[in-house]
Amino acid sequence: MKTTDYITVTIDRLPRGYVFTYADFTNEVNKKEAVIKALNRMAVSGKIAKLAKGKYYKPEQTVFGRLQPNQFQVVKDLLEDDGKAIGYLTGYSIFNELGLTTQLSNTIQIGRNEIRPVLQREQYTIKFIKQKNTINKENIPLLQLLDAIRFIKKIPDSTIASACLRLLSLLKKRSEKDMATMVRLSQKYPPSTRALLGALLDEAGIFQYQEALRKNLNPITTYKLSGVASILKTTQKWNLI
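Keep in mind it's a predicted model, so treat the numbers as computed, not measured. (Residues numbered from 1 in each chain as written. Predicted model: local features only at pLDDT ≥ 70, side-chain atom pairs only at ≥ 80, totals over all residues. Heavy atoms only, no water.)

A. Main features of the sheet that holds strand 3 (residues 55–57). The antiparallel open sheet is built from three strands, whose spatial order is 1-3-2. For this open sheet the edge positions go to strand 1 (19–20) and strand 2 (49–52), each flanked by a neighbour on one side alone. Bridge count between strand 2 and strand 3: three bridges; the pairing is antiparallel. Its bridge partner lying in strand 3, A49 is registered against Y57. (Pairing = 2+ DSSP bridges. Helix = DSSP H or I, 4+ residues; strand = E, 2+ residues; numbered from the N terminus.)

Here you go:
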């Protein structure tokens, strides 16, 4: 089968919005150039769309125009390496997914141990947030929750009070094991994150982690979170004002 025919058949089997590169078709160096040329020709013809240099996707056409790939597809090469998690979606897209805001953003934020310069892929601006904890597939949902607590002031179209109410609901659904892991992970977050987590856990009736969360907090440092006292009863204990 000719290279172009093979690529065409393979792409026809891919789901709409799936992002791929030449490496999805061949690992043979002598065929790489032929595959790249074939993909670029298909992009020019409109059969596939180009996301960024060397990255393509199978577009879905609607009456409103061409749909973009979902955010995971856009940045999946920055989240996994050979099946191992090296990053995770956080920030605006996760605030929406967690029900903390209804707004969507063209900025994609990624938590990683090693951050990179800002990237642009089609209409998306990709930014990186330093994560000091080891990242694995099991702790990503907990890191996303901790990031929401850390950046609670930056959640768009939301108040701190409404965000706290939603976070309380999300924390109550977590297992005891998850809570213990979150408290451990929070030790590498800013003190303000640990203080707010402590107040949220108090409100949820979970008291066994108070000492672990308070031990590295400066007793004379305060953390300003406007409106938090209207939702959480123990803000004074955690120096939240």
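Here the narrative resumes, following the displayed structure.
B. Highlighting the sheet that holds strand 10 (residues 119–121). Spatially, 8-9-11-10 is the arrangement adopted by the four strands of the open sheet, whose pairing is mixed. The open sheet has two edge strands, strand 8 (87–90) and strand 10, and neither has a second partner. The average undirected angle you get between the axes of adjacent strands in this sheet is 35°. Sitting on the sheet, helix 3 (residues 71–79) is in contact with strand 8, strand 9 (107–112), strand 10 and strand 11 (124–130), with an inclination near 30° to strand 9. Together, strand 8 and strand 11 form the strand contacts of helix 5 (residues 140–150), whose direction differs from that of strand 8 by roughly 45°. (Axes fitted to C-alpha atoms, helices over the stretch in contact; angles between N-to-C directions. Contact = heavy atoms within 4.5 Å.)

C. A look at the packing of aromatic side chains. Here the structure, examined in full by the defined rule, presents four aromatic pairs. Ring centres of F20 and Y56 lie 6.2 Å apart, and the angle between their planes is 25°; this geometry places the pair in the stacked category. Of this pair, F20 sits in strand 1 while Y56 is found in strand 3, placing the two residues 36 residues apart along the sequence. The class of F20 is buried, set by a relative accessible area of 1%. Ring geometry for Y92 and F95: centres 6.3 Å apart, planes at 85°, overall edge-to-face. With Y92 and F95 both in helix 4 (residues 92–97), this residue pair falls three residues apart, about one helical turn. What makes Y92 partly exposed here is its relative accessible area of 27%. Assessed through its relative accessible area of 3%, F95 is described here as buried. (Phe/Tyr/Trp six-rings, centres within 6.5 Å; stacked < 30°, edge-to-face > 60°. Buried < 20%, exposed > 50% of the residue type's maximum accessible area, 1.4 Å probe, protein only.)

D. Main features of a positive patch on the surface. On the surface, a cluster of positive charge is contributed by K130, K132, R150 and K154. Counting through the fold element by element, K154 comes out in the loop between helix 5 and helix 6 (160–172). (Patch = residues over 30% accessible without salt bridge, like charges linked within 9 Å, V, L, I, M, F, W, Y side chains within 5 Å. Areas by Shrake-Rupley, 256 points an atom, 1.4 Å probe, with all protein chains shown as cover. Salt bridge = Lys/Arg side-chain N within 4 Å of Asp/Glu carboxyl O. Lys, Arg positive; Asp, Glu negative; His and termini not counted. Charge placed at Lys NZ, Arg CZ, Asp CG, Glu CD.)

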